[in-house]
Amino acid sequence: MGLDFSSIPTKVSGGEVIKILDDDEEDAIDEYKREEVLVKMEPDREAERTEAGAPDGPRRSNRARIANRQFEDYELYVTVEEEELMMATMGNNPTEEEEDENVLAAVAHYIMVHYEEKEGIKKKKKKYKPKSGQYQLEAGIKRFGERGETAVTKELNQFNKYGVFKPKHARDLSDKEKSKALSLLIFLKEKKSGDIKARSCANGNKQREHIAKEEAAAPTVALESVFITSTIDAKESRKVVTIDIPGAFLHADNEDYVIMKMVGTLAELMVKTNPKLYRQYVILEKGKSVLYLQLQKALYGMMKSALLFYRKSVSELQEMGFEINPYDPCVANKMVNGTQMTIRWHVDDLMISHLSQDEIMKVVRQIQDIYGENLAETSGTVHDYLGMTFDYSFTKEVRINMWDYLQHAIQEFPEEITGVCATPANDYLFKVHEDGRKLSKDLAEAFHHTVYQLLFAANRARRDIQTAVSFLTTRVKAPDEDDWGKLVRVLKYLNGTKYMKLILGADEMKLNIHWYIDGSHQVHEDCRGQIGSLMTMGKGAAISSSNVMKCNTRSSTETELVSLHDKLPDVIWTRYFVECQGYDIDEYVIFKTT
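Basis of the calculations
Residues numbered from 1 in each chain as written. Predicted model: local features only at pLDDT ≥ 70, side-chain atom pairs only at ≥ 80, totals over all residues. Heavy atoms only, no water. Helix = DSSP H or I, 4+ residues; strand = E, 2+ residues; numbered from the N terminus. Buried < 20%, exposed > 50% of the residue type's maximum accessible area, 1.4 Å probe, protein only. Phe/Tyr/Trp six-rings, centres within 6.5 Å; stacked < 30°, edge-to-face > 60°. Lys NZ or Arg CZ within 6 Å of the ring centre and 35° of its normal. Pairing = 2+ DSSP bridges. Core = buried A, V, L, I, M, F, W, Y, C linked by side-chain atoms within 4.5 Å. Contact = heavy atoms within 4.5 Å. pLDDT = per-residue confidence, 0-100.

S.K.: Tell me about unusual backbone geometry, residues and numbers included.
M.R.: Even without glycine at this site, valine 347 takes up a positive phi of about 60°. You can see valine 347 is positioned in the loop between β15 (339-346) and β16 (349-354). Residue valine 347 is classed as partly exposed on the basis of its relative accessible area, which comes to 25%. Its identity is not glycine, yet glutamine 522 carries a phi of approximately 50°, on the positive side. Within the secondary structure layout, glutamine 522 lies in the loop between β22 (512-520) and β23 (528-536).

S.K.: I'd love a proper account of the packing of aromatic side chains, names of residues and values included.
M.R.: Taken as a whole, this structure holds 13 aromatic pairs when the rule is applied. Taking the centre distance of 5.8 Å and the plane angle of 50° together, the rings of phenylalanine 249 and phenylalanine 309 count as tilted. Placement of phenylalanine 249 in the loop between β9 (239-244) and β10 (259-263) and of phenylalanine 309 in helix α13 (residues 305-319) is noted, with a sequence separation of 60 residues between them. Like phenylalanine 309, phenylalanine 249 is buried. Cluster of aromatic residues (ring-pair linked, three or more members): Phe249, Tyr300, Phe309 and Tyr371. The ring of phenylalanine 456 carries arginine 460 above its face, with NZ or CZ at 3.6 Å from the centroid. A cation over an aromatic ring shows up here: arginine 463 above the ring of phenylalanine 227, its NZ or CZ 4.6 Å from the ring centre.

S.K.: Explain the pairing of strand β6 (residues 165-168) to me, and be specific about the residues and the numbers.
M.R.: Because side chains alternate across β6, one face comprises the buried residues Phe165 and Pro167, and the other comprises Lys166 and Lys168, none of which is buried. Bridge count for β6 against strand β12 (residues 288-295) is four bridges, and the pairing is antiparallel. Paired with lysine 168 across the bridge in β12 is tyrosine 292.

S.K.: Summarise the nonpolar core; cite the residues concerned and give the values.
M.R.: One finds Phe165, Met262 and Ile367 to be the most contacted residues of the largest nonpolar core, which totals 127 residues. Looking at this core, the element that brings in the most residues is helix α16 (residues 441-458), giving eight residues. Discounting chain neighbours no more than four positions away, the residues touching isoleucine 367 are Ile243, Ile245, Met320, Leu350, Ile352, Gly372 and Leu375.

S.K.: Hey, could you go over the confidence of the model for the protein chain for me, with residue numbers and the actual values?
M.R.: Predicted coordinates in regions of low pLDDT should not be interpreted in detail. In the predicted model, the protein chain carries a mean pLDDT of 83, and 78% of its residues have values of at least 70. When mean pLDDT is taken per element in the protein chain, strand β13 (residues 323-325) scores highest with 97 and strand β2 (residues 12-13) scores lowest with 42. Note on residues 1-24: pLDDT is under 50 here. Beyond four places in sequence and across chains, it has 61 contacts. Confidence over residues 32-43 falls short of pLDDT 50; this stretch has 19 contacts with residues more than four positions distant or in other chains.

Written out as structure tokens, the structure is:
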């Protein structure tokens, strides 16, 4: 049977509830005002009891008895077995007062038990803790033992192979050089296969004091370039190969004088890789072994490492005959047998496309001659690149998904996501409650972490959550419970659509590029608008964005003009980039409402 304790009595007699409404009778509740019914009192019957000669006894309240208000939104379901047990506890011929007390006691018992179980299932919040599974050197060796030491030794042997370090005597270094020495960090992680992987990097924080960010910044391929060129690859039915260059930075020479030091266990493990070379350089400082080294190669974590490797890559590609696109310094093209070959690269991850698989493999072999034969190479129609899976199995189109990434983000979220939503946001997305209850420190960190996980996906394969995520990024500094609910809604939407793909394609006969730009007037609390844009080459959004307007506008017409103005740089860049790829655009149109 179902008892709905959110319902209101329709009749009160002697202070007893004689009927409880169920869900099908909710319309009857609207006929009563809540305040009037809940506090309704029967006429004073004490005088009637005295006149009728009623025996003295405990006086009963004339107020209508209702369930505790904290259970107003709770509907209790009881099995037939539980109902029979509840009725059996009341005896065969109870008095009126005993019946009333027994019923209420039994009902209260079931409410407390079932309500507690329901609340425990509904929200399983746990303390936020990123599940990286990554350990620093000491903790990793303690955790993995001999397997950890073997992984670290393998990583250190790689340094010897590429001549990364030149040992230095401590007596030949000044105190200033010692104080500025960079420390080497080692991290251990267990892979899905069970193998232990060691990763090393320099702690380059000390270099920030004397190296400007502009002097060390290295370009990476634009996502817009990746999607445009991938669409063209699908249109022309090109073959695609992706490459990962292991230890890429270690192939680039370090131009600056940089001193590094290894301390404790790390120093001893380094000595074991080549005792004759390193043992004489080890000293004791504060009871720990210390080894000073001069860095001769670019090492991950050093400020200029990425820039040094980029310069090396460009010079090598140019020697192979490739030309860099002036509108994206990480896209290069070369004409081979009358057709174009394109290379895109993000640091050490390369994607190469051409009509001929054999011509691509010739370039791969040239790269192997430079970086060695242990390149991570992938051929075929499915490729993992920049956190996305590109599937070229379908004719004239590429399908891009991020299934595993989204599943990981949902599972890592501290609140269990079990339901689904039809849309990523409701119509009150931009509403902000200034007096809303702020999240605890742990939940605020979880909120911040998850929002930027979703931002990563929104800028890539999941364009459908861009508007919701763009707003949530403005709330990461001081999120409240309302923001948490909006984030949960996005995750529920993704939970139901995580297998959705971004499908890109281009018109087969012509190269048409269409832009759609729109603005929503004063939708934010500070009266600013929201701008949205989308570029398609025939099928799917190769480029799209959703962001807050940077200024206030006085009319919807002005909002539309400002929206177009803000997106014009993207419109112009796209045209120039495609033309520099060697293509003539047949139709380039901007669709704009006013």
